Amino acid sequence: MSDTVFAKIIRRELPATILYEDELVVAFRDISPQAPVHVLIVPKKVLPTLNDATEDDRLLLGHILLVARKIAQEEGIAEKGYRLVINTNPDGGQTVFHLHCHLLGGRPMGWPPG
Ligand code: DGP
């Protein structure tokens, strides 16, 4: 169950439009964009959900936010605004069980989410 499409993208076994990569994360465009900008920031370390993160992942989790911020700036959405989302388990709407952060922008976001 831990070998997801995201693990395959990280290993380059599946294609993706990769915008950023470093030793901790890969960021690529979502295959089914829900906004003009929809990027997934995905840790290389396999954590199925945020529930599986521990204190040892403090640096990694902070890094994900800083990478999202950097990509938002590069995509030109930082000033108008954007949303970061980590869906967790079925009620959270998670479908791929490899922790990831959605970066959504380029249009106004509604609240509350559906
Ligand atoms: P979530 O529902 O939070 O687990 O989001 C999973 C996202 O992953 C969803 O927005 C669609 C995206 N996705 C699923 N399969 C692929 C894929 O093969 N490639 C890319 N780029 N995105 C994918």
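Residues numbered from 1 in each chain as written. Predicted model: local features only at pLDDT ≥ 70, side-chain atom pairs only at ≥ 80, totals over all residues. Heavy atoms only, no water.

(A) Highlighting the site of the ligand. Around the ligand, 15 residues are found, and the nearest of them are Asp30, Asn87, Thr95, His100 and His102. Contact between the ligand and Asp30: an oxygen atom at 2.5 Å from a side-chain N or O atom of the residue. Within the backbone of Gly93, one N or O atom sits 2.9 Å away from an oxygen atom of the ligand. Relative to its free-state accessible area of 510 Å², the ligand is covered by the protein chains to the extent of 83%. With respect to the pocket detection grid, the ligand is positioned in the largest pocket. If you list the elements that add at least two residues to the shell around the ligand, you get α1 (5-10) and β2 (25-29). Here the shell around the ligand takes 3 residues from α1, the largest share from any one element. (Near = heavy atom within 4 Å. Polar contact = N/O pair within 3.5 Å; in protein donor to acceptor, adjacent residues only side chain to side chain. Areas by Shrake-Rupley, 256 points an atom, 1.4 Å probe, with all protein chains shown as cover. 1 Å grid on protein atoms, 1.4 Å probe; cavity = no way out; pocket = protein on both sides within 12 Å on 5 of 7 lines; lining within 4 Å. Sits in = over half its atoms within 2 Å of the grid points. Helix = DSSP H or I, 4+ residues; strand = E, 2+ residues; numbered from the N terminus.)

(B) Summary view of the sheet that holds strand β4 (residues 82-85). The strand order across the open sheet formed by 5 strands is β1-β2-β3-β5-β4, and the pairing between neighbours is antiparallel. Where the open sheet ends on each side, the last strands, each with one partner, are β1 (18-21) and β4. Averaged over all pairs of adjacent strands, the angle between their axes in this sheet comes to 20°, without regard to strand direction. As defined by bridge partners, strand β3 (residues 37-43) adjoins strand β5 (residues 101-105) across 5 bridges and the pair is classed as antiparallel. When the sheet's bridge partners are listed, Val37 is paired in β5 with Gly105. (Pairing = 2+ DSSP bridges. Axes fitted to C-alpha atoms, helices over the stretch in contact; angles between N-to-C directions.)

(C) Broad picture of the layout of surface pockets. The space that makes up the largest pocket amounts to roughly 710 Å³. The wall of the largest pocket is formed by 31 residues, among which Asp30, Gln34, His38, Asn87 and His102 lie closest to the centre. Contributing elements (two or more residues each) for the lining of the largest pocket: α1, β2, β3, β4, α3 (89-92) and β5. It is α1 that provides the largest number of residues to the lining of the largest pocket, a total of 3 residues. Grouping the constituent residues of the lining of the largest pocket by class yields 15 nonpolar, 11 polar and 5 charged. (Points joined across faces, edges and corners; volume = space filled by probe spheres on them. Nonpolar A, V, L, I, M, F, W, Y, C, P; charged D, E, K, R; others polar.)

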